[in-house]
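# Close look at the chain arrangement
Residue-level listing of the chains:
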Amino acid sequence: MVETLYDVAIIGGGPGGYAAALYCARAGLSAVVLEKLSPGGQMGTTDRIENYPGFPDGISGFELGVRMQQSAERFGAETRLTEVRAAELAAKEKVLHTAEGDVRARTVILATGASPRELGLPEEQSLRGRGVSYCATCDGMFYRGKEVVIVGGGDTAAADAVFLSKLCRTVTLVHRRDALRASKAYLDPLSRCENLRYVWNAQVVSILHENTVTGVTLRDRKTGRTQELACDGVFVAIGQTPNTTLFRGQVAMDEAGYLLTDETMRTDLPGVYAVGDVRQKTLRQIVTAVADGAIASKSVEADLS
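All values reported here derive from a predicted model rather than from experimental measurement.

Once that is clear, we can look at the pattern of salt bridges. For the structure shown, the criterion picks out 9 salt bridges. For D292, the salt bridge goes to K281, with nearest N and O atoms at 2.7 Å. Of the two residues, D292 sits in helix α6 (residues 286-304) while K281 sits in the loop between β17 (272-274) and α6, which places them 11 residues apart along the sequence. On the accessibility criterion, D292 (5% relative accessible area) is buried. On the basis of relative accessible area, K281 is assigned to the buried category, the value being 15%. The salt bridge involving K298 is made with E301; its shortest N-O contact spans 3.6 Å. Remark: E301 and K298 occur in helix α6; sequence separation between them is 3 residues, near one turn of the helix. With a relative accessible area of 31%, E301 lands in the partly exposed category. Three or more residues joined by partner-sharing salt bridges are found here, namely R279, K281 and D292.

Following this line, the structure appears as structure tokens:
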């Protein structure tokens, strides 16, 4: 049996990965998507997506992921639901070691995404999509006219506060220090948010809930005293962790672990590209991941011609 040598193997079946697979397959390249969970990646865990063009009534992340998979497979792309456990990317022929055997390819697109940092509370995972969110621009519309808490003090938390203040009745930003770490560019927009208040030197120690979130318990980091704060939703904005452990020592990254690319999605390693949330970029949204995938496909096509 002759082992298949794919033109391109794509690690990750999120929007960036499947957009790349679609465009590569349409260009006549043999493409395989390796996804360890289900189509959509992190997007697939989002209950409702309201900001992707073409779906005026919204769509579940899982359904959108399946549709993206179907679109790519219509043109001949393959999907393998398996975990990539190791990757040899330096040689001309790339080898990906998966749970179901090796996959060989002439080029590889890294689309492994990034995972939001969690608070680490026992009830956090079970309340995801039921009042706990990690993306204000994705889920903010569900909280129009409601009361929300944002946890964090950096640029993401500040941007979320400005965004949510336009939708929600009240926004409370909880930060474990006594001042924001956000850049000065956010200070003026934040000062204009009349429904925004701050709780300094505080830590969320539990999330109150019945079927959905009803509030949080805060502990003062100086006095140790606790208080309960009622809210309809909790937005966790304490950063993300790129899923790049497999590629350390092979592909150039920034200090946070995000992959470095040029505008064509090429990394510093010939035949290796990165798309979506896993790469260093200014905006991480489904629509920008899809754009990354389309651009990467053109680079792959040019490099293999």
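Aromatic ring pairs: the centre-centre distance and the angle between the two ring planes describe each pair. Within this structure, the stated rule accounts for 3 aromatic pairs. Here Y198 and W200 contribute two aromatic rings whose centre-to-centre distance is 4.9 Å and whose plane-to-plane angle is 5°, an arrangement assigned as stacked. Since its relative accessible area comes to 33%, W200 is described here as partly exposed. The ring of F75 carries R26 above its face, with NZ or CZ at 5.3 Å from the centroid. In this arrangement the basic side chain of R284 is found over the ring face of Y258, its NZ or CZ atom lying 3.9 Å from the centre.

What counts, and at which threshold
Throughout this description, residue numbers start from 1 for each chain and increase along the sequence as written. Note on the predicted model: pLDDT of at least 70 is required for a residue's local features to be given, and 80 or more for side-chain atom pairs to be given and counted; whole-chain, interface and lining totals, by contrast, use all residues. Here the side-chain values reflect all heavy atoms present in the structure, with hydrogen atoms and water set aside. Put simply, a salt bridge is a Lys or Arg side-chain nitrogen that is within 4 Å of an Asp or Glu carboxyl oxygen. Counting from the N terminus, the helices are DSSP H or I runs at least four residues long and the strands are E runs at least two residues long. Here's how the labels work: a residue is buried when its accessible area is under 20% of the maximum for its type, exposed when over 50%, partly exposed in between, all with a 1.4 Å probe on protein chains only. For Phe, Tyr and Trp, where Trp contributes only its six-membered ring, two rings pair if their centres lie within 6.5 Å, and the inter-plane angle classes them as stacked under 30 degrees, edge-to-face over 60, or tilted in between. Note on criteria: charge over ring means Lys NZ or Arg CZ within 6 Å of the ring centre, with the direction from the centre no more than 35 degrees off the ring normal.

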